[in-house]
Amino acid sequence: MELEDHLKEYEEYPYLDLEKNGLGLSDVRKSCNDSEVGCEESVCDPEVGSLPEKPKWRCYGTEHLWKQVLLAREAIFLKRNASISSEQSNSYWSTKQKMHPSMYDDHIGSEKLRCSVRLVSAKESRTVSSKMSNAPRSCSESSSSTQTDLKDHFDKESTPLSADSLVGWFSDSHRKRIPVGPLFQARVPEWTGETYEDDSRWLGSQIWPLKSGESNKHMIERERIGKGRQDSCGCQYPGSVECVRFHTAEKRMRVKLELGLAFHRWKFDKVGEEVALSWTKEEEKKFQTIIKSNPPSLNKCFWDEMFKAFPSKSREDLVSYYFNVYLLQRRGCQNRSTTPSSIDSDDEESEFVLLSNRFGHGAATSTSSIFRSPKKPHLNSR
Amino acid sequence: MEAGGNSLPSGPDGVKRKVFYFYDPEVGNYYYGQGHPMKPHRIRMTHALLAHYGLLQHMHVVKPALARDRDLCRFHADDYVAFLRSITPETQQDQLRQLKRFNVGEDCPVFDGLYSFCQTYAGGSVGGANFLKCTSLASEIHFLDIEFCTSGDGVFYTTDRVMTVSFHKFGDYFPGTGDIRDVGYAKGKYYSLNVPLDDGIDDESYQSLFKPIMGKVMEVFKPGAVVLQCGADSLSGDRLGCFNLSIKGHAECVRYMRSFNVPLLLVGGGGYTIRNVARCWCYETGVALGVELEDKMPQHEYYEYFGPDYTLHVAPSNMENKNSRQQLDEIRAKLLDYLSKLQHAPSVQFQERPPDTELPEVDEDQEDEDGRWDHDSDMDGVDDCKHVSGRVKREYLEPKDTIGRHCCAHFLTA
């Protein structure tokens, strides 16, 4: 049972530094002997042996139990992180960035890496693990080490997981443990009530309500809070682009009068189709042409060409035009289009999304990257 | 609607509250790159909706101070902060090792203005937290941190001073943590709760967990302040999320937490169908103010984003709810059982707020996406997480504007 217990403990806290803490076995034995620590899930096997120096690990064969334990731990670790690895290599963005071969080096111990991974197939790890459970144990002396902080890593009061077995753990692929250790938790110091220097700067600068003297809010009529739009209007073609533009301008003027200086401080003067006022018709046409000729379905990025085509416009100007004018107008067309359904609007990949809707399956297979969302059959929603 | 289970005297749930809101007008123009689902523009859209529904006019709106290097270094490793400051899209090819080390470059891309973006929303968060501390009357604050859609990263996994409750999609899904059995470690045991949910959870199912669990958490833990991360990726139709909540269902959580009359910090989080993000956060700001908004959206600069119906609310889809009644009952029972192991709130008692006290409230609107995207969070080198303290400036106290006896510090960092 001791080997399984040890592996179970490793399952719980895989980030224990191997070099620093060794296998933790001899120290556990020490603490067991001291009767300070409950040994519910501690390994109390004095026979596993002490750990040679890390560079020499490779020289030893699997007849040594400590070697078997190390291999098993690695298998668990790699299996658990295989999903992270596939995220990194299969992520939507990986086409843009090549992995340098040195990225695959093992960095256990010294660097603060989130993970160092290599792809290992689940089958391989299971093969290794099944070897572990059958391996004979060798008797050897173990010398005590001086791992004094290992005790801290044991959860003294944890209830044993129910129905746990060696096979069960390896198949419990969903349970990725929360890492515990000084690198992973915030330090929450004792409350002293002391004042943080400059705390008043964190209050920021007040934009609203306006300072007295700047404000006219008590003098003019304000719309009722929460008010929506009128049910009907007197425009010749209600709901048309022109109707919307008119009522938007009307409302905007009202808000501008209500907000006064805050309207400009919040940059509402640079919001919406107003942004196009500083663009010529030719520039706008060029913008649209560049986007159309670099469709996402061909895996193209239109921004490269865009930046080159508008040397006099800043990136902010171009991004602002994109969201405030281009996308808005495109949505306007979509909203009035007679073809049914799939408006996934604010997406650059609307073309891509439309395709996936038509064929009825999700945009991507599921991996660990948040981009690879599980199948989304309900993409066609508002 | 169900009243909150709080013990403080308070008005009806719809009582108007004074709300502070943090917004930086630059935030909308940061751009993660073509095709990336995180779009800071959603914050700008929210702001326009707030103006046109008349909500901004009823709040104290503040532009947050930018976080400086040394502010960030209170919480993050120096080398991480230095890396964020120096990396640019042009130089990133020379920094592959660092990119991998800090998990930057793909899902968390390097984009123009990355560092000032971090300074912007970190400034909002710290400002909001500072204000929260000022408005709480507890002499020690225990924070309750509620997340919506992605499981927490365990930053408070070992402390009993912060209780973290995370409702999230769990299964074969990023990030893989957040099993119901993950309840914290050492001193933090039972101070973390993970609520694992399956695809398609709807309003009713969600509330059948949220209210009983959070009700008991408030009763047992008695926090001095609550941080609620209102990630909108739990909404129906989210580009990445796979839940089926309506905006009203989502906001019901805000409404419920608000009813406890504890200083409340609302922050943003995920949310990748930006028209729904703007809808949701606008509506929830209304909830914070105690105001209902008309469904027919007013015409405004971003009106066309919300077509063809131009309504504030959208119906959830007919996707299958994979959370069975039995599963939900088991989850609830298990979590309530964990909570029963917490006998009493640690150390100092929560103090009732005297009825005549008028406190300002704070609200912010910035980018602070969930931990998945957050350049500001770093699992490799979390350092101090000090509480900031201080007094609120006199000029922010405007008794004549106070319209409710009980105030909440309310931040919306988006």
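These numbers were taken from a predicted model, which means no experiment stands behind them. Each chain carries its own residue numbering, running from 1 in the written order of its sequence. Throughout, the order in which chains and ligands are written sets their labels, letters from A for the former and numbers from 1 for the latter. For a predicted model such as this one, the threshold for reporting local features is a pLDDT of at least 70, and the threshold for listing and counting side-chain atom pairs is 80 or more; totals across whole chains, interfaces and linings nevertheless cover every residue. Hydrogens and water molecules were not included; the side-chain quantities draw on all heavy atoms of the structure.

**Considering the overall build of chain A**
Point 1. For chain A, the helix and strand inventory stands at twelve helices and one strand.
Point 2. In chain A, the order of α-helices and β-strands from amino to carboxyl end is α-α-α-α-α-α-β-α-α-α-α-α-α.
Point 3. Every one of the 382 residues in chain A was classed for burial, and the buried ones make up 45%.
Point 4. Considering only residue pairs separated by 6 or more positions, chain A has 66% of its internal contacts joining residues 24 or more positions apart.
Point 5. Accessible surface area values rest on a Shrake-Rupley calculation with a 1.4 Å probe, where residue burial reflects the displayed protein chains alone. Element-wise, carbon and sulfur atoms account for 53% of the exposed surface of chain A, whose accessible area totals about 20,800 Å². Numbering of helices and strands starts at the N terminus; helices are DSSP runs of H or I of at least 4 residues and strands are runs of E of at least 2. Working definition: with a 1.4 Å probe on protein chains only, accessible area under 20% of the residue-type maximum means buried, over 50% means exposed, and in between means partly exposed. Contact between two residues is taken to exist if any of their heavy atoms lie within 4.5 Å; hydrogens are not considered.

**A word on the overall build of chain B**
Point 1. Along chain B, the regular secondary structure elements total nine helices and seven strands.
Point 2. For chain B, the residues scored as buried account for 71% of the 414 residues in total.
Point 3. For chain B, long-range pairs separated by at least 24 residues make up 82% of all intrachain contacts whose partners lie at least 6 apart in sequence.
Point 4. Split by element, the accessible area of chain B, about 12,000 Å² in all, is 50% carbon and sulfur.

**Observations regarding the environment of Leu55(B)**
Point 1. With respect to the element layout, Leu55(B) can be found in the loop between helix H1 (41–52) and strand S2 (60–63).
Point 2. Expressed as a C-alpha distance, the spacing of Leu55(B) and Val19(B), which sit 36 residues apart in the sequence, is 10.0 Å.
Point 3. Ignoring any residue separated from it by four or fewer positions in sequence, one finds Leu55(B) in contact with Ile225(A), Leu50(B), Cys282(B), Thr285(B), Gly286(B), Leu289(B), Val291(B) and Leu293(B).

**Considering unusual backbone geometry**
Point 1. The step from Trp208(A) to Pro209(A) runs through a cis peptide bond, and the omega angle for that step is 0 degrees.
Point 2. Among the structural elements, Pro209(A) can be located in the loop between strand S1 (205–208) and helix H7 (241–259).
Point 3. In this structure, the amide linkage connecting Gly307(B) to the following residue, Pro308(B), adopts the cis form with an omega of 5 degrees.
Point 4. Inspection of the secondary structure puts Pro308(B) in the loop between helix H8 (274–289) and helix H9 (325–340).
Point 5. The phi dihedral of Asn103(B) falls on the positive side, at around 55 degrees, and the residue is not glycine.
Point 6. Looking at the secondary structure, you find Asn103(B) in the loop between helix H4 (96–101) and helix H5 (114–135).
Point 7. At Lys222(B), a residue that is not glycine, the phi angle is positive and equals roughly 50 degrees.
Point 8. Lys222(B) gets classed as partly exposed once you look at its relative accessible area, which sits at 36%.

**Details of empty space enclosed by the protein**
Point 1. Using a grid of 1 Å spacing that covers the protein atoms alone, one calls a set of points a cavity when a 1.4 Å probe fits there but cannot get out, and a pocket when the set is open and has protein on both sides within 12 Å along at least five of seven lines; lining residues are those with an atom within 4 Å of a point. Grid points are joined across faces, edges and corners, and a volume is the space filled by probe spheres set on the points. Counted by the stated rule, this structure contains six cavities of 30 Å³ or more.
Point 2. One number sums up the size of the second largest cavity: a volume of about 70 Å³.
Point 3. What lines the second largest cavity is a set of 13 residues, and nearest its centre among them are Glu223(A), Lys251(A), Glu258(A), His52(B) and Gly54(B).
Point 4. Elements represented by at least two residues in the lining of the second largest cavity include exactly H7 of chain A together with H1 of chain B.
Point 5. Looking at the lining of the second largest cavity element by element, the count peaks at four residues for H7(A).
Point 6. Partitioning the lining of the second largest cavity into residue classes produces three nonpolar, four polar and six charged. Residues are grouped as follows: nonpolar covers Ala, Val, Leu, Ile, Met, Phe, Trp, Tyr, Cys and Pro; charged covers Asp, Glu, Lys and Arg; every other residue, Gly included, is treated as polar.

**Topic: the confidence of the model for chain B**
The predicted coordinates should not be examined in detail at positions where pLDDT is low.
Residues and elements named next belong to chain B.
Point 1. The score called pLDDT rates the predictor's confidence residue by residue, from a low of 0 to a high of 100. Residues with a pLDDT of 70 or more make up 73% of chain B, whose mean pLDDT is 78.
Point 2. Ranking the elements of chain B by mean pLDDT puts strand S3 (residues 143–147) last with 62 and H1 first with 98.
Point 3. Low confidence marks residues 1–12, where pLDDT is under 50. Its contacts with residues over four positions away, or in another chain, come to 26 contacts.
Point 4. On the interface metric, ipTM, the complex scores 0.81, and its pTM is 0.69.

**Here we look at the nonpolar core**
Point 1. Ranked by size, the top nonpolar core spans 134 residues in total, and within it Trp266(A), Phe287(A), Tyr322(A) and Met257(B) carry the most contacts.
Point 2. Counting residues per element, this core draws most heavily on H8(B), which supplies ten residues.
Point 3. Formed jointly, this core draws a minimum of three residues from each of two domains, domain 1 (229–266) and domain 2 (271–337) of chain A.
Point 4. Dropping the residues within four chain positions of it, Phe287(A) is found in contact with Trp279(A), Met306(A), Phe310(A), Leu318(A), Tyr321(A), Tyr322(A) and Tyr326(A). Among the buried residues, those of types Ala, Val, Leu, Ile, Met, Phe, Trp, Tyr and Cys that are joined through side-chain atoms within 4.5 Å form a nonpolar core. Domains are outlined according to an automatic or database domain assignment.

**Re the packing of helix H7 (residues 247–258) of chain B against H8(B)**
All names here are of chain B.
Point 1. Orientation of H7 relative to H8, taken along the N-to-C sense of each, is 30 degrees, at an axis distance of 9 Å. In terms of their interaxial angle, H7 and H8 are classed as roughly parallel. Crossing of H7 over H8 shows right-handed handedness. For the pair formed by H7 and H8, the contact residues are Ile-247, Lys-248, His-250, Ala-251, Val-254, Arg-255 and Arg-258 on the first element and Asn-276, Arg-279, Cys-280, Tyr-283, Glu-284, Val-287, Ala-288 and Leu-289 on the second.
Point 2. Here the contact of H7 with H8 is composed, by residue class, of eight nonpolar, two polar and five charged. Angles here are taken between N-to-C directions and fall from 0 to 180 degrees, while the axes themselves are lines fitted to C-alpha atoms, restricted in helices to the stretch in contact. In this scheme, roughly parallel covers angles under 35 degrees and roughly antiparallel covers those over 145, while 65 to 115 is roughly perpendicular and the rest are oblique. Each crossing gets its handedness from the near helix: less than a right angle anticlockwise from the far helix is left-handed, clockwise is right-handed.

**Overview of the pairing of strand S7 (residues 264–267) of chain B**
Every regular strand shows the same layout, with side chains that alternate between the two sheet faces.
Point 1. Residues Leu264(B) and Leu266(B) line one face of S7(B) and the alternating positions Leu265(B) and Val267(B) line the opposite face, and both faces are buried.
Point 2. Once you follow strand S6 (residues 225–229) of chain B into H7(B) and on to S7(B), the crossover reads as right-handed. Seen with its strands pointing away from the viewer, a crossover is right-handed when the path leading from the first strand over the helix to the second is clockwise.

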